[in-house]
Amino acid sequence: MKHQDHTADTETNEVALSRRNLLKSSAGLAMAGTLLATGQAAAQHAHGGTSATPSPGASLSNRIYTVVDGITDIGKDPKDIPPPITRRTPETVKVELETIELEARLDGRTTYRYWTFNGTVPGPFVRVRVGDTVEVTLKNHDDSSMMHNVDFHAVNGPGGGAGATSAAPGEKKGFTFKALNPGIYVYHCAVPPVAMHIANGMYGMILVEPENGLPKVDHEFYVMQGEIYTEEAFGSSGLLTESYEKLLNERPEYFVFNGHVGSLTEHNPLKAKVGETVRIYIGVGGPNFSSSFHVIGEIFDKVYQVGSLTSEPLTNVQTITVPAGGAAAVEFKVEVPGRYVLVDHALSRVERGLAGFLIVEGDENHDIFHATASAE
Ligand SMILES: [Cu+2]
């Protein structure tokens, strides 16, 4: 029996990643720079300069929340992925989830009451091999105000395990399943209203490796996209309130990679060196919006479309569609140093917080790319 280890890689090569340095870089998306540079000012301008006052009557948030001192960060480090599976026989793998509700950073000046698996958004990256027996336990923390559960899309069985794991605060439930189909799958809380549990952060990814594993790459990253529906306009400050009405109308205020604005830019950018190969597992928790996932300045050499690992990967692709409740993997080699920007190419969403950085260090490669001097 094996315990999943979700320990992050240790990064030895620290890049100076101050906001100023990132903004000075000319590579990448100007808009992402604008968003981060002018922050709330730009956002408020876009929304008419108002900080909407919360209208609690329209929200389901009239619960009593414990406000935490300091600012907790639920943003998942994209490097926090268990290593590739090297064994070639099935095993029993334990997956322990705990559902935790906590106030944490949403943006520079805002916090939000997230609902999480294991205190991060997305929840832990679960990695098993086809044929494995997976023992899932779900503990709902004593301090929770809601019932929670988990539906793994990798499960053959009712509700993906949702019914078997529905746990009131303080309860612990579980189920066992056999991973029959290799692929990249989403998991999420499925307690009604499901969209609200997902919007508040309750999603993650499970990779079921095929018998012979995946091709070796130099770096693997874990990225998930989601929307957040707040009463207050994007760019407001303070503790924001969830809006059930905006959720039903599919009108999010925030779009985020890995839980909060700046999670994959200022906090945990992806990093690689010239000549290395990169695989990004990209999933959409949603709950509602598909992603037109694109990395500015790169081309995906290989795409495992809609999370299928047994179909031939597509080659040489600019942008992929990742449906809500779906996932994919993209692979590419980085040839030129600089800052590359992860986006949903529905680019209005950049202005609502959705951007990530891939910082590539190494020698210039003028054969492949170089800026030419002005002819004048
Ligand atoms: Cu839930």
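The rules we used
Residues numbered from 1 in each chain as written. Predicted model: local features only at pLDDT ≥ 70, side-chain atom pairs only at ≥ 80, totals over all residues. Helix = DSSP H or I, 4+ residues; strand = E, 2+ residues; numbered from the N terminus. Buried ≥ 20, exposed ≤ 12 C-beta atoms within 10 Å, placed from the backbone. Contact = placed C-beta atoms within 7 Å. Pairing = 2+ DSSP bridges. Axes fitted to C-alpha atoms, helices over the stretch in contact; angles between N-to-C directions. UniProt positions renumbered as here; feature names shortened; annotations may be inferred. Core = buried A, V, L, I, M, F, W, Y, C linked by C-beta atoms within 7 Å. Domains from an automatic or database assignment. pLDDT = per-residue confidence, 0-100.

**Student:** Is there a simple way to explain the overall build of the protein in this structure?
**Tutor:** If you tally the helices and strands in the protein, you get seven helices and 21 strands. Out of the 376 residues in the protein, the part that is buried amounts to 46%. Restricting to contacts in the protein with at least 6 residues of sequence separation, those with at least 24 account for 77%.

**Student:** I tried to follow the sheet that holds strand β8 (residues 183-188) on my own but got confused; where do I start?
**Tutor:** Within a beta sheet, neighbouring strands are joined by backbone hydrogen bonds and run either parallel or antiparallel to one another. The sheet built from four strands is open, its strands ordered β4-β9-β8-β6 with mixed pairing. Across the chains shown, the open sheet's two edge strands, defined by having one partner strand only, are β4 (126-129) and β6 (151-152). Pairing of β4 with strand β9 (residues 203-209), which is carried by four bridges, proceeds in the parallel orientation. Paired with R129 across the two strands is E209, which belongs to β9.

**Student:** What's the story with the sheet that holds strand β17 (residues 314-317) in this structure? I'm lost.
**Tutor:** Taken in spatial order, the six strands make up an open sheet running β12-β10-β14-β19-β16-β17, and their pairing is mixed. Because the sheet does not close on itself, it has two edges, and the strands there are β12 (254-257) and β17. In this sheet, neighbouring strand axes are inclined to one another by 25° on average, regardless of whether the strands run parallel or antiparallel. Bridge count for strand β14 (residues 277-286) against strand β19 (residues 326-333) is eight bridges, and the pairing is antiparallel. Of the residues in β19, the one forming a bridge with Y281 is A329.

**Student:** What should I look at first to understand the environment of I85 in this one?
**Tutor:** Counting through the fold element by element, I85 comes out in the loop between α3 (40-46) and β2 (92-107). It is 10.0 Å that separates the C-alpha atoms of I85 and V208, two residues lying 123 residues apart in sequence. Apart from residues no more than four positions distant in its own chain, I85 is found in contact with R127, R129, E209 and G213.

**Student:** Explain the UniProt feature "binding site: Cu cation" (unreviewed entry) in the protein to me, please; I cannot follow it from the model alone.
**Tutor:** The residues that UniProt annotates with the feature "binding site: Cu cation" (unreviewed entry) are H148, H153, H188, C189, H197, M202 and H345. Tracing the chain through its elements places C189 in the loop between β8 and α5 (194-199). Assessed through the 30 C-beta atoms surrounding it within 10 Å, C189 is described here as buried. Residues in contact with C189, not counting those within four places in the same chain, are H148, N149, V150, H197, I198 and M202. Secondary-structure assignment places H345 in the loop between β20 (338-344) and β21 (356-361). Given 15 C-beta atoms within 10 Å, H345 falls into the partly exposed group. Every residue in contact with H345, bar those within four places of it in the chain, is listed here: S292, H294 and T319.

**Student:** Looking at this structure, I do not really get the nonpolar core. What am I missing?
**Tutor:** As a rule of thumb, nonpolar side chains are buried together in soluble globular proteins. Core analysis: the largest hydrophobic core is formed by 92 residues, its most contacted members being Y185, M205, V223, Y281 and A328. For this core, the leading source of residues is β2, giving seven residues. Residue contributions to this core reach at least three from each of two domains, namely domain 1 (25-42 + 217-361) and domain 2 (58-209). Setting aside residues no more than four positions away along its own chain, A328 makes contact with I184, I282, V303, Y304, Q305, V306, G307, I320 and V322.

**Student:** Help me out: how do you make sense of the environment of L180 in this one?
**Tutor:** Relative to the helices and strands, L180 resides in the loop between β7 (172-178) and β8. Looking at L180, the number of C-beta atoms within 10 Å reads 12, which means it is exposed. The spatial distance from the C-alpha of L180 to the C-alpha of V155 is 8.0 Å, given a sequence separation of 25 residues.

**Student:** For this particular structure, what's the right way to read the environment of G325?
**Tutor:** Looking at where G325 falls in the secondary structure, it is placed in the loop between β18 (319-322) and β19. C-alpha of G325 to C-alpha of G285: the two residues are 40 residues apart in sequence and 5.5 Å apart in space. Apart from the residues lying within four places of it in its own chain, the contact partners of G325 are V186, V284 and G286.

**Student:** Explain the confidence of the model for the protein to me, please; I cannot follow it from the model alone.
**Tutor:** When pLDDT drops low, the exact placement of atoms in the prediction is not to be read closely. In this model, the protein carries an average pLDDT of 85, and 81% of its residues clear a pLDDT of 70 or more. Counted against residues more than four places away or in other chains, residues 5-68, with its pLDDT under 50, gives 98 contacts.

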